[in-house]
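Coordinate analysis (summary)
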Amino acid sequence: MERLLYELSESWKIAAAQMHANKTRSTLTALGVIIGIVAVTLMGTAISGISIGFDKSMAVFGDDVLYVGQWPWRQVDDWWNYRDRKKIKTDYAEPINRMIAATPKSNLAVAVPTSSVYRSVKYADNEVNNILIRGTVSDYIITSTFDFKEGRFFNELESRGSANVCVIGYDVADALFPSSSPIDKSVLINGQPFKVIGVISRQGTFLGLFSLDAIVVMPLPAFQKYFTAKSEADILVKIRDKTKLAEAKDELTGIMRRVRGLSPEKKDDFSINEQQALKSTLDPIKNSIAIAGLFITGLSLFVGAIGIMNITFVSVKERTKEIGTRKALGARRRTILLQFLIESTALCLLGGIIGLTFAYLMCFLIGLVSPSFPIHFSSGLVMASMIVSILTGLFSGFAPAWSASRLDPVAALRYE
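Now for unusual backbone geometry. Unlike most non-glycine residues, A124 shows phi in positive territory, near 55°. Turning to its location among the elements, A124 is positioned in the loop between β2 (108-123) and β3 (126-136). For A124, a relative accessible area of 54% translates into the label exposed. We note that N130 has phi near 55°; this positive angle belongs to a residue other than glycine. You can see N130 is positioned in strand β3.

In structure tokens, the structure reads:
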């Protein structure tokens, strides 16, 4: 054991001396590993960031809320069957709540109706377009996941009284009121004034497809007075225990069939969606992108490893007499093998450290330029990159080291 430790320490010293004696060659050889580590690390950081952003986007739907709608949250081939379904009505919420209240130990808590359209919102000379206008009731706050930057949500009295009040999203507030508070000021929607009583904190975007901050929420009766045309309704149902999601979904299916008046032989003419279903649909796409990205960037690291293997073979050829001398003086094959393995591994480790430094700086700059992109440079990624560097060194150095360890000392000493 003591001899092995001595051989390892001597091999590291020889590796350091070789890299110092051949600075230019070592730098150019390590460059392939540096580029590979930067590419793999940036891709890993991007994938990790996308995964965090994906989970954050999913969280906005709530993992304890069921969504009753006309369409399922997945791709369907027989889309015409879903198109011909009866529309979901906001009036369904009342009988659903009555049945929930009449069911002992129900897995459901409350049903909340929502209806939505897209409209422009205006204040003074400022105007924002394509804003999601949502009408709902005061219990909507129970099913939502947002917090308030300032102000409050409308109460039951304002909801039932059809008050012209609203809560606006972060982007709407920022665009219409860039230098002042929007609270107690009136915005125009469809030519109708609505007093702003709350501003929702920043929610971010859902998979980059639409912004969850471009929203205005108002009492449902007020919404129905002004936005009846082309509105789409959904029923949001809060469940009591998210570990019993399947039971809650079955219970809600039975309630909805009664509300719709479906006989036992008829199929469901509605869809009950939840966060997990959407996530299971999108997860394979996310995983495929991650695998493809890591494979493509991994090729650059593989090219760097081939470069190190080539240079190590050159080094073996240049030092044939040295190897013969050492073996003639009693050096074991293991000693020669370790020497060249450690030289290639040291070169890869050096490239890995430099590559990680560059990758961290690039991630820092990306975070400054694009704060909305979820950069996540984790310690696990650093550890994985260092392990990859070591494995690359062992892979690229093994063949040259093996050939060096098998050199005949007499032939090596005669080598010209």
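Next comes the rest of the account.
This model, assessed by the stated rule, comprises 11 aromatic pairs. Geometrically, the ring pair formed by F223 and F227 is tilted, given 5.3 Å between the ring centres and 35° between the ring planes. Judged on exposure class, the residue F223 and its partner F227 are both buried.

Their axes nearest at 7 Å, the elements helix α12 (residues 333-369) and helix α13 (residues 379-405) cross at an angle of 150°. Relative to α13, α12 is oriented so that their crossing is right-handed. Split into classes, the residues belonging to the contact of α12 with α13 amount to 16 nonpolar, 10 polar and 1 charged.

Another aspect to go through is the side chain of S162. As for its placement among the helices and strands, S162 is situated in the loop between α6 (156-160) and β5 (165-168). When residues no more than four places from it in sequence are discounted, the contact partners of S162 are P221, A222 and K225.

Let us look at the environment of A401. Summarising the element assignment, A401 is placed in helix α13. Under the relative-accessibility criterion, A401 is labelled buried at 0%. Every residue in contact with A401, bar those within four places of it in the chain, is listed here: L337, F340 and L341.

Here we come to the pairing of strand β1 (residues 65-69). Most of β1 sits out of view: 5 of its 5 residues are buried. By the alternation rule, side chains of β1 split into V65, Y67 and G69 and L66 and V68, which are all buried. In this sheet, strand β12 (residues 271-273) lies alongside β1 in antiparallel orientation, the contact comprising 3 bridges. What sits directly across from Y67, in β12, is N273.

It is worth spelling out the environment of G161 at this point. Relative to the helices and strands, G161 resides in the loop between α6 and β5. A residue is classified by how much of its surface remains accessible, and G161, at 53% relative accessible area, is exposed.

In this section: the confidence of the model for the protein chain. Counting all residues, the mean pLDDT for the protein chain is 80, and 87% of those residues have values of 70 or more. Averaged pLDDT values for the elements of the protein chain fall to 58 in helix α14 (residues 409-414) and rise to 94 in β5.

Turning our attention to the side chain of K238. When you line up the elements, K238 lands in strand β11 (residues 232-239). Overall, the relative accessible area of 16% leaves K238 in the buried class.

Quick look at the pairing of β11 now. Burial within β11 is extensive, with 6 of its 8 residues counted as buried. Looking at chain direction, β1 and β11 are connected through 4 bridges and run antiparallel. Bridge pairing in β11 links V65 to K238.

Helical geometry: 3.6 residues make up each α-helical turn, so side chains three or four residues apart lie on a common side. Among all positions of helix α11 (residues 320-328), only T320, I323, G324 and K327 are buried. One side of α11 carries all its buried residues, which in axial view fall inside an arc of 100°.

This part covers a nonpolar patch on the surface. On the surface, a cluster of nonpolar side chains totalling about 670 Å² of accessible area is made up of Y360, L361, F364, L365, L368 and V369. Mapped onto the elements, L361 comes out in helix α12. Judged by relative accessible area, which is 47%, L361 ranks as partly exposed.

Attention now moves to the nonpolar core. Within the largest apolar cluster, 23 residues are counted, with the highest numbers of intra-cluster contacts made by V121, I133, I168, V187, I189, V216 and M218. Counting residues per element, the ones that place at least two in this core are β2, β3, β5, α7 (170-176), β6 (186-189), β7 (192-200), β10 (215-219) and α8 (220-226). When near neighbours in sequence (up to four residues on either side) are disregarded, V216 contacts V121, I131, L132, I133, R134, C166, V167, I168, V172 and I189. Formed by 21 residues, the second largest nonpolar core is a distinct cluster that contains L66, V68, A93 and M99.

We now examine the pattern of salt bridges. Applying the stated criterion across every chain, the model contains 8 salt bridges. E158 is paired through a salt bridge with R152; the nearest N and O atoms lie 2.8 Å apart. Residue E158 is classed as buried on the basis of its relative accessible area, which comes to 15%. Here R202 makes a salt bridge to D171, at a shortest N to O gap of 4.0 Å. Of this pair, R202 sits in the loop between β7 and β8 (205-206) while D171 is found in helix α7, placing the two residues 31 residues apart along the sequence. For R202, a relative accessible area of 53% gives the class exposed.

Reading guide: rules and limits
Residues numbered from 1 in each chain as written. Predicted model: local features only at pLDDT ≥ 70, side-chain atom pairs only at ≥ 80, totals over all residues. Heavy atoms only, no water. Helix = DSSP H or I, 4+ residues; strand = E, 2+ residues; numbered from the N terminus. Buried < 20%, exposed > 50% of the residue type's maximum accessible area, 1.4 Å probe, protein only. Phe/Tyr/Trp six-rings, centres within 6.5 Å; stacked < 30°, edge-to-face > 60°. Axes fitted to C-alpha atoms, helices over the stretch in contact; angles between N-to-C directions. Left-handed = near helix turned anticlockwise from the far one by under 90°. Nonpolar A, V, L, I, M, F, W, Y, C, P; charged D, E, K, R; others polar. Contact = heavy atoms within 4.5 Å. Pairing = 2+ DSSP bridges. pLDDT = per-residue confidence, 0-100. Arc of directions from axis to C-beta. Patch = residues over 30% accessible without salt bridge, like charges linked within 9 Å, V, L, I, M, F, W, Y side chains within 5 Å. Areas by Shrake-Rupley, 256 points an atom, 1.4 Å probe, with all protein chains shown as cover. Salt bridge = Lys/Arg side-chain N within 4 Å of Asp/Glu carboxyl O. Core = buried A, V, L, I, M, F, W, Y, C linked by side-chain atoms within 4.5 Å.

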